[in-house]
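Results of the structural survey
Residue strings, one per chain:
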Amino acid sequence: MNPEEVLDLKRKALQVRKDIVEMTYRAQSGHQGGALSWVEIGVLLFFKVMNLRREEPLWEGRDRFVLSKGHACATLYSLWSLLGWIEREDLWRFRRADGILQGHPSRRKTPLAETSTGSLSQGTSVAVGMALGLRMDGRPSRVYALISDAELQEGQTWEAVMLAGNRSLSNLTFVLDYNGLQIEGDVHRINDPTPIERKFRDFKWAVKVVEDGHDLNLLYEAFNWAKGVEDAPQLIIARTVKGKGISFMENRPEWHSKVLTEELYRKAMEELNSTPL
Ligand SMILES: Cc1ncc(C[n+]2csc(CCOP(=O)(O)OP(=O)(O)O)c2C)c(N)n1
Ligand SMILES: [Mg+2]
């Protein structure tokens, strides 16, 4: 990517972070930490990596995106708005019964959600099913799913991973948002999912680690690598920071989901407004 392109994506990432704060402040609820940790991954996927048509969001040939960690949907909604697929006004009805943007992506409310998610790990199986179906139909579309580290503690994840590996689903990429935290704290202390790389390789996946999951160039390299793998599904392990971008939220488990007071809302916005690009 050239430097202007990177700068443009960084600007978008900053806007997404502001939207997350604005949405969760207005709703007085929502999940900030896990939304902030996949901002760069999301911006890159939707603006650079996935084969999409801005003017035709439901184009049949599109790549599919499954937000398996559905609670982190504020990021996804902001991305849809930046693509022009929903109105900015929709964002301000986040988590309200009269809006389309529920607390977890709901296909009943909008077909932009490729599938409803929220119950952790269910998205992994849906993504595998989608990839299998697309391949059976001879379609070139790829499937990307964003998964969380706590989802590795769910049995369903491994059922999905085993099938994808056995079917050599090379049109499937999982991105692991490896922020090391779940609601109660450190995932490694609560129920350690490591060694993650070795487990996936044993299930016949190709694996790549991105040491800084907020570095757009490193992530882009990994996505390009994934597209080139011809005989296996791919896992990109992106090391991220939960709450990234807002100092008092970074690496703080309580900011998994917390009410933003007016004072903290202002503090968060001030920080974002003075973030250098
Ligand atoms: C099956 C299931 N169990 C419990 C929950 C409640 N829950 C929501 S988020 C979460 C864990 C958050 O940690 P992680 O999945 O790692 O997400 P991230 O750190 O990326 O926010 C839990 C237990 C759920 N949504 N689904
Ligand atoms: Mg986590």
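Look up a bit, the structure's there.
Our subject in this report is the structure included herewith. These numbers were taken from a predicted model, which means no experiment stands behind them.

This part is about the overall build of the protein chain. Of regular secondary structure, the protein chain possesses 11 helices and seven strands. Its C-alpha radius of gyration of 18 Å places the protein chain within 12% of the 19 Å reference for a compact globule of 277 residues. The 277 residues of the protein chain split such that 55% are buried. Once local pairs closer than 6 in sequence are excluded, the contacts in the protein chain between residues at least 24 apart make up 74%. Of the roughly 11,900 Å² of accessible surface on the protein chain, 45% is carried by carbon and sulfur atoms. If you average the places of the 37 positive and of the 38 negative side-chain charges in the protein chain, the two averages end up 2 Å apart.

Looking at where Asp-19 falls in the secondary structure, it is placed in helix H1 (residues 3-27). Assessed through its relative accessible area of 2%, Asp-19 is described here as buried. Sequence-distant contacts of Asp-19, defined by excluding residues within four places in its chain, comprise Ser-78, Ser-81, Arg-88, Leu-91 and Trp-92.

Turning to the packing of H1 against helix H4 (residues 73-82), a few remarks are in order. Interaxial distance between H1 and H4 falls to 9 Å at its minimum, and their mutual angle equals 120 degrees. Here H4 runs oblique to H1, going by the angle between their axes. At the point where H1 passes H4, the crossing takes the right-handed sense. Counting all contacts with H1, which are made through Lys-12, Gln-15, Val-16, Asp-19, Ile-20 and Met-23, the residues of H4 involved are Ala-74, Thr-75, Tyr-77, Ser-78, Leu-79, Ser-81 and Leu-82.

If you look at the biggest cluster of nonpolar residues, it comprises 60 residues, and the most contacted ones within it are Trp-38, Ile-41, Leu-45, Phe-46, Phe-65, Trp-80 and Phe-223. Residue contacts for Trp-38: discarding those within four places in its chain leaves Phe-65, Leu-67, Lys-69, Ala-72, Thr-75, Leu-76, Leu-79, Leu-146 and Asp-177. Phe-174, Leu-176, Tyr-178 and Trp-205 belong to the second largest nonpolar core, which has 26 residues in total.

In this section: the site of ligand 1. Taken together, the neighbourhood of ligand 1 is formed by 16 residues, with Lys-69, His-71, Ser-148, Asp-149 and Lys-242 sitting nearest. Interatomic distance of 3.0 Å between a backbone N/O atom of Leu-120 and a nitrogen atom of ligand 1. Here an oxygen atom of ligand 1 sits 2.8 Å away from a polar atom, N or O, in the side chain of Lys-242. When atom positions are compared with the pocket grids, ligand 1 is found to occupy the second largest pocket. In terms of residue class, the shell around ligand 1 is made up of four nonpolar, eight polar and four charged.

Here is what the cut-offs are and how they apply
For every chain, the first residue of the written sequence is number 1, and numbering continues from 1 along that sequence. Numbering of ligands from 1 and lettering of chains from A proceed in the order in which they are written. Reporting in this predicted model follows two pLDDT cut-offs: at least 70 for local features of residues, and 80 or more for side-chain atom pairs to be given and counted; totals over whole chains, interfaces and linings ignore these cut-offs and use all residues. For the side-chain quantities, the full set of heavy atoms in the structure was used; hydrogens and water were omitted. Secondary structure elements follow DSSP: runs of H or I of four or more residues count as helices, runs of E of two or more count as strands, with numbering from the N terminus. Values of the radius of gyration come from C-alpha atoms, whereas the globule rule sets the reference at 2.2 Å times the count of residues to the power 0.38. Burial classes: relative accessible area under 20% of the type maximum marks a residue as buried, over 50% as exposed, and values in between as partly exposed (1.4 Å probe, protein chains only). Between two residues, a contact is recorded if the distance between any of their heavy atoms is within 4.5 Å. Computed with the Shrake-Rupley method and a 1.4 Å probe, the accessible areas treat only the protein chains shown as cover for residues. Neither His nor the chain ends contribute to the count of charged residues, in which Lys and Arg are positive and Asp and Glu negative. The atom standing in for a charge is NZ when the residue is Lys, CZ when it is Arg, CG when it is Asp and CD when it is Glu. To define axes, lines are fitted to C-alpha atoms, for helices over the stretch in contact only, and angles between the resulting N-to-C directions are given on a 0 to 180 degree scale. Oblique is the label for any angle not covered by the other classes, which are roughly parallel (under 35 degrees), roughly antiparallel (over 145) and roughly perpendicular (65 to 115). Handedness of a helix crossing follows the sense of rotation of the near helix relative to the far helix, less than a right angle counterclockwise being left-handed and clockwise being right-handed. Residues belong to a common nonpolar core when they are buried Ala, Val, Leu, Ile, Met, Phe, Trp, Tyr or Cys residues joined through side-chain atoms within 4.5 Å. We define proximity as follows: a residue is near a molecule or strand when any one of its heavy atoms falls within 4 Å of that partner. Any N or O atom pair separated by 3.5 Å or less is treated as a polar contact, with the protein-specific requirement of one donor-capable and one acceptor-capable atom, and with residues adjacent in sequence counted only for side-chain atom pairs. Only protein atoms enter the 1 Å grid used here. Points where a 1.4 Å probe fits but cannot escape make up a cavity, open sets with protein on both sides within 12 Å along at least five of seven lines make up a pocket, and a residue lines them when an atom lies within 4 Å of a point. A cavity or pocket is said to hold a molecule if more than half of that molecule's atoms lie within 2 Å of its grid points. Three classes are used: nonpolar for Ala, Val, Leu, Ile, Met, Phe, Trp, Tyr, Cys and Pro, charged for Asp, Glu, Lys and Arg, and polar for all others, with Gly counted as polar.

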